[in-house]
Amino acid sequence: QVQLVESGGGSVRAGDSLRLSCRPSIRTSSIVAVGWFRQAPGGEREWVARIRWTDGTAYYGDSVKGRFTISRDNAKNTAYLEMNSLRPEDTAVYFCAAQRTLGTITLARAYEYWGQGTQVTVSS
């Protein structure tokens, strides 16, 4: 069973930056893509970004495009979500998720493995 371990959440002010990390418990040859989702209190799980592990092709949700950057480091077996110009509406629990096969980018059910989530709080 693949486990995804997230880190890097915290409380910041609007305009600040944070970097989230996601490390699968096994080598990433077993997964083809890593994505980030977020869920605000009372809200639905929202897709944020996804990166294809083999070639680094990245996709972003409209609400974060131009502010967030997803990347991966093959040597460290880790994916990252660099979040800049944070806004109060970015406040949520952020989840890392992985796909064994390439599937729909934006749907949570297309991701087989999930992390436990890390809280990001942005104050105005």
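Look up a bit, the structure's there.
Described below are features of the structure shown in this document.

Here is what the cut-offs are and how they apply
- Residues numbered from 1 in each chain as written.
- Predicted model: local features only at pLDDT ≥ 70, side-chain atom pairs only at ≥ 80, totals over all residues.
- Heavy atoms only, no water.
- Disulfide = S-S within 2.5 Å.
- Helix = DSSP H or I, 4+ residues; strand = E, 2+ residues; numbered from the N terminus.
- Buried < 20%, exposed > 50% of the residue type's maximum accessible area, 1.4 Å probe, protein only.
- Pairing = 2+ DSSP bridges.
- Axes fitted to C-alpha atoms, helices over the stretch in contact; angles between N-to-C directions.
- Core = buried A, V, L, I, M, F, W, Y, C linked by side-chain atoms within 4.5 Å.
- Contact = heavy atoms within 4.5 Å.
- Salt bridge = Lys/Arg side-chain N within 4 Å of Asp/Glu carboxyl O.
- Phe/Tyr/Trp six-rings, centres within 6.5 Å; stacked < 30°, edge-to-face > 60°.
- Lys NZ or Arg CZ within 6 Å of the ring centre and 35° of its normal.

Re the state of the cysteines
Here is step 1: On inspection of all chains with the given rule, the structure shows one disulfide.
Here is step 2: In this model, Cys22 is linked to Cys96 through a disulfide, with the two sulfur atoms separated by 1.8 Å. Disulfide Cys22-Cys96: the torsion about the S-S bond is -65°, which places it as left-handed. Remark: Cys96 occurs in strand E9 (residues 92-99) and Cys22 occurs in strand E3 (residues 18-24); sequence separation between them is 74 residues.
Here is step 3: On the accessibility criterion, Cys96 (0% relative accessible area) is buried.

Comments concerning the sheet that holds E3
Here is step 1: Ordered by their spatial adjacency, four strands build an open sheet running E1-E3-E8-E7, and the pairing between neighbours is antiparallel. Where the open sheet ends on each side, the last strands, each with one partner, are strand E1 (4-7) and strand E7 (68-73). Going across the sheet, the axis of each strand differs from the next one's by a mean of 15°, ignoring polarity.

Let's talk about the nonpolar core
Here is step 1: In this structure, Val34, Trp36, Val48, Phe68, Leu81, Met83 and Tyr94 are the most contacted members of the largest nonpolar core, which totals 27 residues.
Here is step 2: Residue assignment for this core shows that the elements contributing at least two residues are E3, strand E4 (33-39), strand E5 (46-52), E7, strand E8 (78-83), E9 and strand E11 (118-123).
Here is step 3: Contact partners of Tyr94, with chain neighbours within four places excluded, come to Glu6, Leu20, Trp36, Phe37, Arg38, Val48, Phe68, Leu81, Met83, Gly117, Thr118 and Val120.
Here is step 4: Judged by nonpolar contacts, the second largest core, of six residues, contains Phe37, Trp47, Ala110 and Tyr111.

A closer look at the pairing of E1
Here is step 1: Along E1, the buried face is formed by Leu4 and Glu6; none of Val5 and Ser7, which line the opposite face, is buried.
Here is step 2: Where E1 lies against E3, four bridges are found, and the strand directions are antiparallel. Considered in E3, the bridge of Ser7 is made with Ser21.

Re the pattern of salt bridges
Here is step 1: One pass over the structure, following the stated rule, counts six salt bridges.
Here is step 2: Across the pair Arg38 and Asp90 runs a salt bridge whose closest N-O atoms are separated by 2.9 Å. Residue Arg38 is found in strand E4, and its partner Asp90 is found in the loop between E8 and E9; the two are separated by 52 residues along the sequence.
Here is step 3: Between Glu112 and Arg100 there is a salt bridge, and its shortest N-O distance comes to 4.0 Å.

With respect to unusual backbone geometry
Here is step 1: Notably, Asn77 is not glycine yet its phi reads approximately 55°, a positive angle.
Here is step 2: Structurally, Asn77 is set in the loop between E7 and E8.
Here is step 3: Among the residues examined, Asn77 registers a relative accessible area of 7% and is labelled buried.
Here is step 4: The phi torsion at Ser85 lies on the positive side, around 50°, for a residue other than glycine.
Here is step 5: Secondary-structure assignment places Ser85 in the loop between E8 and E9.

Some points on the packing of aromatic side chains
Here is step 1: As enumerated under the stated definition, the model contains four aromatic pairs in all.
Here is step 2: When the centroid spacing of 5.0 Å and the interplanar angle of 50° are considered together, the rings of Phe37 and Trp114 count as tilted. Remark: Trp114 occurs in strand E10 (residues 113-114) and Phe37 occurs in strand E4; sequence separation between them is 77 residues.
Here is step 3: Through pairs of rings, three or more aromatic residues link up here, namely Phe37, Phe95, Tyr111 and Trp114.
Here is step 4: The side chain of Arg45 reaches across the aromatic face of Phe95, ending 3.9 Å from its centre.
Here is step 5: The ring of Trp114 carries the charged tip of Arg45 above its face, separated from the ring centre by 4.9 Å.

None of this, on its own, says anything about what the molecule does.
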